[in-house]
Amino acid sequence: MRRIFLLSALAVAASSSSAVAQSATAAATLPPLASLRYSAADTIRAVQHLFTRRLKGAAGYVGGGSATLSKAAVGMALRNDSTSQGQRIDTNQDVLGGGLMLGYGLWRTQRFGPERYAQIVAAYQQGEPLPGYVRRRLKTKYFRYRAF
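Read on for an overview of the structure. (Residues numbered from 1 in each chain as written. Predicted model: local features only at pLDDT ≥ 70, side-chain atom pairs only at ≥ 80, totals over all residues. Heavy atoms only, no water.)

## Some remarks on the side chain of Arg108
To keep things clear, this is the line we draw: Going along the chain from the N terminus, every DSSP run of H or I of four or more residues is numbered as a helix, and every run of E of two or more is numbered as a strand. Relative accessible area decides the class of each residue, using a 1.4 Å probe on protein chains only: under 20% of the type maximum gives buried, over 50% gives exposed, and in between gives partly exposed. Charged-residue counts in this description rest on Lys and Arg as positive and Asp and Glu as negative, His and the chain ends being excluded. Salt-bridge detection follows one rule: a side-chain nitrogen of Lys or Arg within 4 Å of a carboxyl oxygen of Asp or Glu. The contact criterion used throughout is that any non-hydrogen atoms of two residues lie within 4.5 Å.
By the secondary structure assignment, Arg108 is in helix α3 (residues 85-111). Put simply, Arg108 is tucked away with no salt bridge, and the nearest opposite charge, on Glu115, sits 14 Å away. Apart from the residues within four sequence positions on either side, Arg108 is in contact with Arg54, Gly57, Ala58, Tyr61 and Gly113.

Put into structure tokens, the structure is as follows:
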């Protein structure tokens, strides 16, 4: 039984080493990854994917900030003068936190919105480079993304 196991293990090892050698020769014939370039259509698709993801995130910030500000507004409306100081502090924190979230969400909406996307794509199609903040955020997975 041991001999059968040993022989089968040796056979598997021999076949895997030949497969590794074949894959090494196949990898040697491929061009280096750094020399691969993406077409303009791939780049536009990647920019579209980036803007879609960022805009969805911005919608979350706007919604969360609006909800927090609404909660603070209701808390202020229901608060009477006999309430404790702790409830006032909580309401103030809600106003501050909700305002920051809403402001950040609106800023992201402006930066990654449909109007900005149309401007960047039109400029790119005319031969201008992508803005730095877009180039820095583009990832390889955005180029591999297939929406269709």
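## Considerations on the pattern of salt bridges
For the structure on display, the rule yields two salt bridges. Taking the shortest distance from any N to any O, the salt bridge between Asp42 and Arg45 comes out at 3.1 Å. Here Asp42 pairs with Arg45, and both are found in helix α2 (residues 40-78), just three residues apart, close to one helical turn. According to the relative accessible area criterion, Arg45 is partly exposed, its value standing at 21%.

## Points about the packing of α2 against helix α4 (residues 114-125)
Operational definition: Helix axes use the C-alpha atoms of the stretch in contact, all axes being lines fitted to C-alpha atoms, and the angles between their N-to-C directions lie in the range 0 to 180 degrees. Angles are sorted into four bins: roughly parallel if under 35 degrees, roughly antiparallel if over 145, roughly perpendicular if 65 to 115, and oblique for all others. Left-handed describes a crossing whose near helix is turned anticlockwise from the far helix by less than a right angle; the clockwise case is right-handed.
As a packed pair, α2 and α4 sit with axes 11 Å apart at the nearest point and diverge in direction by 165°. Regarding the angle of α2 to α4, the classification is roughly antiparallel. Helix-helix and strand crossings are classified by hand; for α2 and α4 the assignment is right-handed. Contacts between α2 and α4 involve Ala40, Thr43, Ile44, Val47, Gln48, Phe51 and Leu55 on the former and, on the latter, Pro114, Arg116, Tyr117, Ile120, Val121, Tyr124 and Gln125.

## A look at the nonpolar core
Note the cut-off: Put simply, a nonpolar core is a bunch of buried Ala, Val, Leu, Ile, Met, Phe, Trp, Tyr and Cys residues held in one set by side-chain atoms that sit within 4.5 Å of each other.
Listed in full, the twelve residues of the largest apolar core are Ala46, Val47, Leu50, Phe51, Phe112, Ile120, Leu130, Tyr133, Val134, Leu138, Tyr142 and Phe143. For this core, the secondary structure elements donating two or more residues are α2, α5 (132-137) and α6 (140-144). With sequence-adjacent residues up to four places away left out, Leu130 is seen in contact with Thr43, Val47, Ile120, Tyr124, Arg135 and Leu138.

## Re the packing of aromatic side chains
Put simply, the rule is: Stacked, edge-to-face and tilted labels apply to pairs of Phe, Tyr and Trp rings (six-membered ring for Trp) whose centres lie within 6.5 Å, assigned for plane angles under 30 degrees, over 60, and everything in between, in that order. We call a charge positioned above a ring when the Lys NZ or Arg CZ atom is no farther than 6 Å from the ring centre and deviates by at most 35 degrees from the ring normal.
Enumeration over the complete set of coordinates arrives at five aromatic pairs. On the basis of an interplanar angle of 55° and a centroid distance of 5.6 Å, the ring pair of Phe51 and Tyr117 is categorised as tilted. With a gap of 66 residues between them, Phe51 in helix α2 and Tyr117 in helix α4 connect regions that are remote in the sequence. Since its relative accessible area comes to 4%, Phe51 is described here as buried. On the basis of relative accessibility, which here comes to 22%, the residue Tyr117 falls in the partly exposed class. Between Phe112 and Tyr133 the ring centres are 5.8 Å apart and the planes differ by 75°, which places this aromatic pair in the edge-to-face class. Remark: Tyr133 occurs in helix α5 and Phe112 occurs in the loop between α3 and α4; sequence separation between them is 21 residues. When sorted by exposure, Phe112 lands in the same class as Tyr133, which is buried. The lysine or arginine in question, Arg54, covers the ring of Phe112, its NZ or CZ lying 5.7 Å from the ring centre. In this structure, Arg111 is placed above the aromatic ring of Tyr133, and the distance from its NZ or CZ to the ring centre is 3.8 Å.

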